[in-house]
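Summary of the model geometry
Given next are the chains, with one letter for each unit.
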2 protein chains.
Amino acid sequence: MDNRPIGVFDSGVGGLTVVKEIHQTLPSESIIYVGDTARVPYGNRSAETIITYTKQIIQYLLDQNVKAVVIACSTASAQALEVVKPLFPIPIFGVIEPVSQASTTLTQTQHIGIIGTKGTINSQAFPHTIHRLNPHLKVDSQACPLLVPCIEENITSGLILKNVLHLYLNKFITPSMDTLILGCTHYPVISDAINQYIGREINLLNPGTYLAETLRHELLTQSLQSDRLHQSVYQYYTTDEPSNFIAIADNIFSQPISSLTQKINLI
Amino acid sequence: MDNRPIGVFDSGVGGLTVVKEIHQTLPSESIIYVGDTARVPYGNRSAETIITYTKQIIQYLLDQNVKAVVIACSTASAQALEVVKPLFPIPIFGVIEPVSQASTTLTQTQHIGIIGTKGTINSQAFPHTIHRLNPHLKVDSQACPLLVPCIEENITSGLILKNVLHLYLNKFITPSMDTLILGCTHYPVISDAINQYIGREINLLNPGTYLAETLRHELLTQSLQSDRLHQSVYQYYTTDEPSNFIAIADNIFSQPISSLTQKINLI
């Protein structure tokens with residue numbers, strides 16, 4: 001038994017969808033969340049920059065005595081996970097591997113799609129991971145850089161979102177594709193709109209769901225799970241002044257966390 | 001005569017619209033441009049953070065021996081100009097004051113509109129400046145946070161942009177408004193689409209135009225202007241790896257600057 005918290009970090013507010021999944025799967029685990037809002041978005045930044053930011057935040061979480069770290073940001077998972085894993089003495093998890101594993105099992109047509117930020121898509125991290133697991137699958141990727149700004153503007157339905165989805169998905173979603181990975185933590189917020197736009201049954205995979213399952217399994221294996229009766233505590237930190245983070249968390253992610261969020265200085 | 005360069009900085013690529021205006025008005029002046037692409041966008045950040053970034057970049061420009069600095073970013077002009085002006089031994093210009101002055105002269109109906117990022121609009125810098133010049137004018141503001149992502153996605157015409165403009169401008173532009181300030185450096189790129197959306201004659205003011213005029217006047221007054229025969233040199237620096245900056249500069253701002261852009265480390 002180990003009641004120390006799990007560190008979760010994301011470039012901004014999006015990782016709250018991952019926190020939600022961890023909470024559902026592991027309700028006794030405490031979480032310390034860092035949203036790097038002073039430097040969001042990571043999506044279009046270079047690998048070098050993202051690795052620097054990731055190291056700083058993991059070190060901060062380690063200083064808070066976390067027992068494990070979840071990189072909830074797809075871009076940072078894609079660009080930094082393998083580099084930072086050997087540098088720290090605790091398990092570090094990314095969001096790419098678990099959902100990639102699930103996608104290879106779930107697809108019947110052998111054709112998987114991935115949508116994400118430019119950084120995640122350009123990194124080819126999802127296709128590489130999926131092809132390592134099964135080189136015979138067809139994998140297509142599509143960067144959707146307008147989706148995060150839309151979601152943060154609370155545009156989660158309606159004409160603008162429909163047009164933006166059309167721009168990215170019209171030619172991308174083909175009849176043979178039966179599995180689509182939501183390769184950015186913001187996207188689960190608009191999964192209904194994406195489902196509606198596609199208009200037929202498709203496996204819409206939220207990486208947070210599979211990350212939480214992997215985390216549950218690993219904590220158990222390494223005897224790091226919290227006591228079942230442990231009263232979990234959630235703490236939220238941002239690297240910029242938290243009002244914008246709180247507003248988006250409240251309005252869009254339906255997680256009222258205002259009283260809990262504090263600013264920290266990383267740089 | 002003073003052939004030292006002018007420093008121009010912006011949070012990203014948007015300030016290139018200001019460089020364009022300075023180049024047209026002052027073709028003999030050399031420019032050192034810094035795009036803070038590692039920390040873009042400034043729009044939703046706190047004043048404290050923006051002031052820190054602004055100080056760092058002005059110090060960097062000063063170390064490059066500039067004779068003056070232009071803060072091409074509306075957000076930084078709004079939140080940081082007055083704080084940083086007394087801290088440095090060279091003239092520092094922002095983009096708020098010159099266009100605000102022009103708007104008060106140009107409006108016939110006494111009704112001015114301003115569009116910009118959340119940070120600029122929340123700061124109230126344009127209305128405060130305009131009301132200091134003429135307290136009787138009616139001034140309305142509208143934050144348009146989706147416009148920059150659209151422009152950087154090369155969506156500068158068509159249905160999505162029209163819907164986004166409708167979202168922000170439909171109720172905002174009233175018949176009595178005859179002057180609209182483009183309060184973000186990206187917006188001049190879509191001035192045609194904005195004009196077309198509004199569908200009637202309106203003064204669409206690009207802050208860069210009036211900044212360049214102010215700069216010309218001040219350099220002359222303080223005997224800081226370059227020799228007319230001076231061969232101007234343009235240098236571009238970014239704080240993140242420059243490929244994305246170069247792509248947007250080439251495609252959207254029609255300024256092919258690839259060979260000239262280098263990364264610098266500020267943090």
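Shown above is the structure to which this text applies.
My aim in this report is to walk through the structure given alongside it, one point at a time. Computed from a predicted model, the values in this text were never measured in an experiment. (Residues numbered from 1 in each chain as written. Chains lettered and ligands numbered in written order. Predicted model: local features only at pLDDT ≥ 70, side-chain atom pairs only at ≥ 80, totals over all residues. Heavy atoms only, no water.)

All names here are of chain A. One open sheet accounts for six strands, arranged 4-3-1-2-9-10; its pairing is parallel. Where the open sheet ends on each side, the last strands, each with one partner, are strand 4 (92–94) and strand 10 (261–263). Ignoring strand direction, the axes of neighbouring strands in this sheet form an average angle of 20°. Sheet analysis places strand 9 (residues 234–238) next to strand 10, joined by three bridges and oriented parallel. Looking at the pairing, Tyr236 lines up with Thr261 of strand 10. (Pairing = 2+ DSSP bridges. Helix = DSSP H or I, 4+ residues; strand = E, 2+ residues; numbered from the N terminus. Axes fitted to C-alpha atoms, helices over the stretch in contact; angles between N-to-C directions.)

In this section: the pairing of strand 3 (residues 68–71) of chain B. All names here are of chain B. Alternating positions in strand 3 separate into two faces, Ala68 and Val70 on one and Val69 and Ile71 on the other, with burial throughout. With four bridges joining them, strand 1 (residues 6–10) and strand 3 adopt parallel strand pairing. In the sheet register, Val8 faces strand 3, and the bridge partner there is Val70. Where strand 3 meets strand 4 (residues 92–94), three bridges bridge the pair, whose relative direction is parallel. (Buried < 20%, exposed > 50% of the residue type's maximum accessible area, 1.4 Å probe, protein only.)

Right, let's get into the nonpolar core. One finds A:Ile22, A:Leu180, A:Ile194, B:Ile22, B:Leu180 and B:Ile194 to be the most contacted residues of the largest nonpolar core, which totals 106 residues. Excluding its chain neighbours within four sequence positions, the residues that come into contact with B:Ile22 are B:Val8, B:Pro27, B:Ile31, B:Val70, B:Leu211, B:Ala212 and B:Leu215. (Core = buried A, V, L, I, M, F, W, Y, C linked by side-chain atoms within 4.5 Å. Contact = heavy atoms within 4.5 Å.)

As a further point, take the packing of aromatic side chains. Ring pairs (aromatic) are described by centroid distance and by the angle formed between their planes. All names here are of chain A. Summed over the entire model, instances satisfying the criterion amount to eight aromatic pairs over all chains. Pairing Tyr33 with Tyr236 gives two aromatic rings, centres 6.0 Å apart and planes at 50°, and the pair type is tilted. Of the two residues, Tyr33 sits in strand 2 (residues 31–35) while Tyr236 sits in strand 9, which places them 203 residues apart along the sequence. A centroid spacing of 5.5 Å and a plane angle of 50° characterise the contact between Tyr42 and Tyr53, whose relative ring orientation is tilted. Here Tyr53 lies in helix 2 (residues 47–63) and Tyr42 lies in the loop between strand 2 and helix 2, a separation of 11 residues in the sequence. Take Tyr42 and Tyr53: they sit in the same class, and that class is buried. Grouping aromatic residues by their ring pairs yields a cluster made of Tyr33, Tyr236 and Phe245. Positioned above the aromatic ring of Tyr53, the side-chain terminus of Arg39 is 3.8 Å from the ring centre. (Phe/Tyr/Trp six-rings, centres within 6.5 Å; stacked < 30°, edge-to-face > 60°. Lys NZ or Arg CZ within 6 Å of the ring centre and 35° of its normal.)

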